[in-house]
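# Results of the structural survey
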Amino acid sequence: EIEMVTCSAPVNIAVIKYWGKSCEKKNIPLNSSISLTLNQDHLKATTTVATSKGFESDKVWLNGVKQDVVNNARLQACLNEIRSWARKQAARRKADAKELLKISQKIHIASQNNFPTAAGLASSAAGYAALVFALGQLFSIEGDLTRIARRGSGSACRSMDGGFVEWIAGTDEDDSIAKQFVPEMHWPELRVFIIVVSKKKKDIGSTGGMKNSVETSSLLQYRVSDVVPHRLTAVKTAILEHDFSAFAEICMKESNQLHAVCQDTYPPLLYMNDTSKEIVKLVHKYNDFYGSTRLAYTFDAGPNAFLFTLDPFANEVATILNETFGFNSGDKFFRGLSVKANEPLPYECGTLEKSVEYVICTNPGKGPKVVMDE
Ligand code: ADP
Ligand code: DP6
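## What about the site of ligand 1?
- Surveying the vicinity of ligand 1 reveals 14 residues, the closest of which are S111, N113, S123, S124 and K202.
- A118 has a polar backbone atom sitting 3.1 Å from an oxygen atom of ligand 1.
- Measuring from an oxygen atom of ligand 1, one finds a backbone N or O atom of G120 at 3.2 Å.
- Compared with its free state, where it exposes 570 Å², ligand 1 has 79% of that area covered by protein.
- When atom positions are compared with the pocket grids, ligand 1 is found to occupy the largest pocket.
- When contributions to the shell around ligand 1 are tallied by element, the ones reaching two or more residues are β9 (106-113) and α3 (123-138).

## Digging into the confidence of the model for the chain
- Per-residue confidence for the chain averages 95 on the pLDDT scale, and 98% of its residues sit at or above 70.
- Across the interfaces of the predicted complex, the ipTM metric reaches 0.98, alongside a pTM of 0.97.

## Comments concerning the site of ligand 2
- Ligand 2 sits among 17 residues. The nearest are Y18, K21, S153, G154 and S155.
- A distance of 2.7 Å is found between an oxygen atom of ligand 2 and a side-chain nitrogen or oxygen belonging to S155.
- Note that an oxygen atom of ligand 2 is positioned 2.7 Å from one of the side-chain N or O atoms of T207.
- In isolation ligand 2 exposes 450 Å². Once the protein is present, 94% of that is buried.
- Spatially, ligand 2 is embedded in the largest pocket.
- Here the shell around ligand 2 gets 3 residues from one element, more than from any other, and that element is helix α5 (residues 206-216).

## Some points on the sheet that holds strand β14 (residues 305-310)
- One open sheet accounts for 5 strands, arranged β13-β14-β12-β16-β15; its pairing is mixed. This sheet does not close on itself; its edge strands, each paired only once, are β13 (296-299) and β15 (334-336). Each neighbouring strand pair of the sheet contributes to a mean axis angle of 25°, computed without reference to strand direction.
- For strand β12 (residues 190-196) and strand β16 (residues 358-362), the ladder comprises 5 bridges, and the chain directions are antiparallel. Across the sheet, the residue bridging to I194 is I360, located in β16.
- Across the sheet, helix α7 (residues 244-264) touches β12, β13 and β14, and the angle it forms with β13 is around 30°.
- The sheet strands contacting helix α8 (residues 274-290) are β12, β13 and β14, and the helix crosses β13 at an angle near 160°.

## Description of the environment of V49
- Residue position: V49 is located in strand β6 (residues 44-52).
- Once the C-alpha coordinates of V49 and V60 are considered, the two residues, 11 residues apart in sequence, prove to be 9.2 Å apart.
- Ignoring anything within four residues of it in the chain, the contact list for V49 reads E3, M4, V5, I107, H108, I109, L131, A134, L135 and L138.

Calculation rules
- Sequence positions are assigned chain by chain, starting from 1 and proceeding in written order.
- Ligands are numbered from 1 and chains lettered from A, in the order in which they are written.
- It should be noted that, the model being predicted, local features are given only for residues of pLDDT at least 70 and side-chain atom pairs only at 80 or more, the latter also being counted only at that level, while totals for whole chains, interfaces and linings use all residues.
- Side-chain calculation: all heavy atoms of the structure are included, whereas hydrogens and water are not.
- Here a residue counts as near a molecule or strand whenever at least one of its heavy atoms sits within 4 Å of it.
- Polar contact is the term for a pair of N or O atoms within 3.5 Å; when the atoms are in protein, one must be able to donate a hydrogen and the other to accept it, and sequence-neighboring residues count only if both atoms are side-chain atoms.
- For every accessible area listed, the method is Shrake-Rupley and the probe measures 1.4 Å; residues are considered covered only by the protein chains on display.
- Cavities and pockets were defined on a 1 Å grid built over protein atoms only: a cavity is a set of grid points that admits a 1.4 Å probe from which the probe cannot escape, a pocket is an open set flanked by protein on both sides within 12 Å along at least five of seven lines, and lining residues are those with an atom within 4 Å of any such point.
- Assignment of a molecule to a cavity or pocket requires that more than half of its atoms lie within 2 Å of the corresponding grid points.
- Note on conventions: DSSP H or I runs of at least 4 residues are helices, E runs of at least 2 residues are strands, and numbering of each starts at the N terminus.
- The pLDDT value tells you how sure the predictor is about a given residue, anywhere from 0 up to 100.
- Think of it this way: DSSP has to see at least two bridges between two strands before they count as a pair.
- Structural elements are reduced to axes, namely lines fitted to C-alpha atoms, with helices fitted over the stretch in contact, and the angle between N-to-C directions of any two is expressed from 0 to 180 degrees.
- Every residue pair with non-hydrogen atoms within 4.5 Å of one another is taken to be in contact.

Listed below in structure tokens is the structure:
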């Protein structure tokens, strides 16, 4: 007899960035961070977890490919934590022998991302959120699972809920948790354009990159003590007041500082490429033309751009992106929410030599969910 459950989880994009750990083993960050959870209709990880008396070992398939489980410390940490919580909770409610047997059985996990894996689109965040949420369902676990998702990947704890989510740094295992700040309905006009500059796997992952930054960047220490605390407060006010231009400015400055810290790391971490830099210029040119902030960029540990705008500007932004990067792309250049990329533009935006892969248009979304059988 096999028991199984399938769940899906979203990706999130950080506005206040997480970069640097105070404890590597437990994945405790140096500073709190805030992100927006994106709509699962466009980007999601879907994970099935199953357990049976007949399973001989824990097994994982990612996008159909069998993974090494034994040497994956993050995965082991998640599985161990889940089993230990399940055992404690079963004991507390005086569970029967059948339930205890279930917890001792091996688990098979199969996960699929509906977008490129390990390309800087936060597949690890969606993946570990889906895994931990699904295991929580399988064992009917109660309590805050963000602490367990955090062990898989720090940013994954912020994919455990919808809307804007804050990961409170905390000081130890139990108080480093993520909490929803406002739900996705709070700011429904927000739009996010993800410009997939490259689908390639990045050379230096976030984990290794931030470790080097902690060891070598003096700018990172200043950022953690003197910059992030103010920005956290300011961005929360901007979000609560729907103040897009204040939100956008913090968002861009945060991205710029993350990449300044990366540049300050020795040897430097160069995640943004020439196309990324052209996107930065394009955004400022657009905002300067209107003399107000309609568009903001943010970049994680990779060249892909995440642009924030508001619904009334989405078609104009799409037109600019199409004119600048879409010249020799196929008809599936825009994915996700439908946009009209043929607005008359008030200024000449020019065409760039460099093309990009494609653009996903999405919006704020909900947290993980159980996927019902079709
Ligand atoms: P990304 O920027 O896409 O998060 P990373 O290199 O940081 O890229 O993380 C990719 C890793 O995350 C994968 O090699 C895998 O270990 C893990 N991962 C990605 N998707 C999933 C998933 N759906 N389920 C479990 N783990 C996943
Ligand atoms: C630049 O969460 O991928 O995207 O905890 O080592 O798995 P680990 O790192 P990860 O780092 C994300 C870094 C970032 C900024 C952010 O998402 O806050």
